[in-house]
Amino acid sequence: MIQTAEAILSGKPFIRDNYLGTTMIDREGAYAMRQYAEEMEHRVETIRLLQNKISELNETISLQKMVVYASISIVLLIVILFVVLWRVNVYRKRVHQERERTQRTIQEQQQRLEMMSTELARVQATASAADKFMQQLMREIEVRMADTDLNVNTLSDALHISRAQLFRKTKALTGCSPVDLIRSIRLKRGQQMLLNTDETIQQIAYAVGFTSASYFTKCYKDLFDISPCDVKRPK
């Protein structure tokens, strides 16, 4: 048939050997053909309905996919939001803890500074009182250097304190007793006089409050490990 069609179209001769058969249509044939046509229409309608249902199902499936995707997206957003809120909460707790730790550190430092300030003030007051006491003590000893009767009672009366207080303060500040301090100051003044004056050892001994030159010599040698005669300049 294709070759015959090509020959017809090109104007070539062709052999006509395709014959259409004929059918005689009577009442029964017409009725059968009508039924066949109605059956075909019914099938076509059924196919169209099925196609519509398929289209509806495809739309439903598409809608369900969109809903599923949207649900997944919402769930993911909720998870992300939860994670973000959790991290923010953790960060806020950490910041709060760090702030509390910093505040505690600052408070401890302030308390330490206050304690140090109080202790410094106390030490300064004690040092000032100690300096004042030592200045008064040294001045009284210097003034009464030549007095052979200078002793603990004399100093305690001059400083208006008891003998026990005088001993305790002198021992704490100098490491020696008032008697030893008086003797040491007298001997150091005697050493200065030995080096810078032409007075005799006896005169120097009397000048610094010793009752005899021999006792002065003994105490001087005990303190400086040398005899006054060895340091006395010749006239």
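Below, the structure is looked at part by part. Worth saying up front: this structure is predicted, and the values here are computed from it rather than measured. (Residues numbered from 1 in each chain as written. Predicted model: local features only at pLDDT ≥ 70, side-chain atom pairs only at ≥ 80, totals over all residues. Heavy atoms only, no water.)

**Structural notes on the pattern of salt bridges**
- In total, this model carries seven salt bridges according to the counting rule given.
- The salt bridge partner of Lys 218 is Asp 222, with a shortest N-O separation of 3.2 Å. Placement of both Lys 218 and Asp 222 in helix H7 (residues 213-224) is noted, with a separation of four residues, approximately one turn of the helix.
- Its relative accessible area of 56% is what places Asp 222 among the exposed residues. (Salt bridge = Lys/Arg side-chain N within 4 Å of Asp/Glu carboxyl O. Helix = DSSP H or I, 4+ residues; strand = E, 2+ residues; numbered from the N terminus. Buried < 20%, exposed > 50% of the residue type's maximum accessible area, 1.4 Å probe, protein only.)

**What about the packing of aromatic side chains?**
- This model, assessed by the stated rule, comprises four aromatic pairs.
- Look at Phe 210 and Phe 216: their rings are 5.3 Å apart centre to centre, the planes differ by 70 degrees, and that puts the pair in the edge-to-face class.
- Since its relative accessible area comes to 4%, Phe 210 is described here as buried.
- An angle of 40 degrees between the planes, with centres 5.8 Å apart, marks the rings of Phe 216 and Tyr 220 as tilted. Here Phe 216 and its partner Tyr 220 are both found in helix H7, four residues apart, which amounts to about one turn of the helix. By the burial criterion, Phe 216 is buried, and Tyr 220 matches it.
- Aromatic ring contacts, followed pair by pair, group Phe 210, Tyr 215, Phe 216, Tyr 220 and Phe 224 into a single cluster. (Phe/Tyr/Trp six-rings, centres within 6.5 Å; stacked < 30°, edge-to-face > 60°.)

Spatial relationships are all this shows, so hold off on functional conclusions.
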